[in-house]
Amino acid sequence: GYYTLVVYTALDDEFECHICQSMNKEMVKLARAVNLTELDPPIFVVSIDYANNAEVFRELQFRHVPIAILVPPTNSTKKLPIPTFYKRLPQQFRLSSVGRLSAEDFANFIQRNTPVEDLSIPQSGPKVYRYVGLLLVTVIALYLSITGLVFGDITKFRDFKLPYLALVLVFYAWCAGAGMYNIIKSTPWHGGSERDP
């Protein structure tokens, strides 16, 4: 028999589920770790997104995502309706969180509920692109400082106010936008009614 980790998400930008997008990246890490490790019993990782499976979300009456479930192996050949199966699934096989979950959290969830003992997630190094902005600002600041010291008065750069205006407008748009709250609070996606999640 095998286990299946199923994660329900709403990745489309219109839902503004930043936690879903973050979790999806962690699921990719987990899936790679599962593929690189010979597990006994085998583990399969499946993602079900609202965009392509809205009917499943309606049947399960999900009010928010992400939700993860671990489907254990069974010898039964009887097919159950999805809502019945979900209701009968023991609580220990369900993982629902309003906070960010890492690939390590999923690995621990799997290890707690399966015979799998050694499922390690490879650690990746720091992303270079995260530091590109900081490096760029530092280089510009150094350039302005050196050219000001060597070629003339540094105060002449204060007269060029366009960069300051652009910075202020970008910062204001970020503060005023609803995206700021969702990013800071890691707001999960919340659906509408039972008929139209």
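Here the structure is shown first, and the text comes after it.
Conventions adopted
Residues numbered from 1 in each chain as written. Predicted model: local features only at pLDDT ≥ 70, side-chain atom pairs only at ≥ 80, totals over all residues. Heavy atoms only, no water. Pairing = 2+ DSSP bridges. Helix = DSSP H or I, 4+ residues; strand = E, 2+ residues; numbered from the N terminus. Axes fitted to C-alpha atoms, helices over the stretch in contact; angles between N-to-C directions. Contact = heavy atoms within 4.5 Å. Disulfide = S-S within 2.5 Å. Buried < 20%, exposed > 50% of the residue type's maximum accessible area, 1.4 Å probe, protein only. Parallel < 35°, antiparallel > 145°, perpendicular 65-115°, else oblique. Left-handed = near helix turned anticlockwise from the far one by under 90°. Expected span 1.5 Å × (residues − 1). Arc of directions from axis to C-beta. Salt bridge = Lys/Arg side-chain N within 4 Å of Asp/Glu carboxyl O.

Student: What's the story with the sheet that holds strand E2 (residues 43–49) in this structure? I'm lost.
Tutor: Backbone hydrogen bonds are what pair the strands of a sheet, in a parallel or an antiparallel way. One open sheet holds the 4 strands; their spatial order is E2-E1-E4-E5, and the pairing between them is mixed. Of all the strands in the sheet, the pair left with one neighbour each is E2 and strand E5 (94–96). With direction set aside, neighbouring strand axes in the sheet form an average angle of 15°. Two strands pair when backbone bridges link them, and strand E1 (residues 3–9) and E2 are joined in this way by 7 bridges, in the parallel orientation. Residue pairing across strands places Val6 opposite Val46, the latter belonging to E2. In this fold helix H1 (residues 18–36) packs onto E1 and E2, with an angle of close to 155° to the strand it touches most, E2. Each of E1, E2, strand E4 (67–71) and E5 is contacted by helix H4 (residues 103–113), which is oriented at about 140° to E1, the strand it contacts most.

Student: What is the right way to look at the state of the cysteines in this model?
Tutor: Note on terminology: disulfide describes a covalent bond linking the sulfur atoms of two cysteines. Following the criterion strictly, the structure yields 1 disulfide and no others. What pairs with Cys17 in a disulfide is Cys20, and their sulfur atoms sit 2.2 Å apart. Torsion about the S-S bond of the Cys17 and Cys20 cystine: about 70°, corresponding to right-handed handedness. Accessibility classification places Cys17 together with Cys20 in one group, the buried group.

Student: What is the right way to read the packing of H1 against H4 from this model?
Tutor: Two numbers describe a pair of packed helices, the interaxial angle and the distance between the axes. Their axes nearest at 8 Å, the elements H1 and H4 cross at an angle of 60°. Here H1 is positioned oblique relative to H4, judged by the angle of their axes. In this structure, the crossing between H1 and H4 has a hand that is right-handed. Facing Met23, Glu26, Met27, Lys29 and Leu30 of H1, the residues of H4 in contact are Ala103, Glu104, Phe106, Ala107 and Ile110.

Student: I'm lost on H1 in this one. Help?
Tutor: Think of an α-helix as 3.6 residues a turn; residues three or four steps apart then line up on the same face. Counted at 1.5 Å a residue, the expected span for H1 with its 19 residues is 27 Å, and the 28 Å between its end C-alpha atoms agrees. Of all the positions in H1, only Ile19, Cys20, Ser22, Met23, Glu26, Met27, Leu30, Ala33 and Val34 are classed as buried. The buried residues of H1 occupy an angular sector of 155° when the element is viewed end-on, so they sit on one face. Exposed and facing more than 90 degrees away from the buried side of H1 are Lys25, Arg32, Asn35 and Leu36. Next to the buried residues of H1 lie E1, E2, strand E3 (64–65) and H4.

Student: Quick question: what am I supposed to make of the pattern of salt bridges here?
Tutor: Side-chain pairing between opposite charges can occur once the charged atoms of the two side chains come close. The final tally for this structure, using the stated rule, is 2 salt bridges. In this structure, Lys29 and Glu26 form a salt bridge, with 3.3 Å as the shortest nitrogen-oxygen distance. Highlighted residues: Lys29 and Glu26, both in helix H1, separated by 3 residues, approximately one helical turn. Between Arg58 and Glu55 there is a salt bridge, with its nearest N and O atoms 3.6 Å apart.

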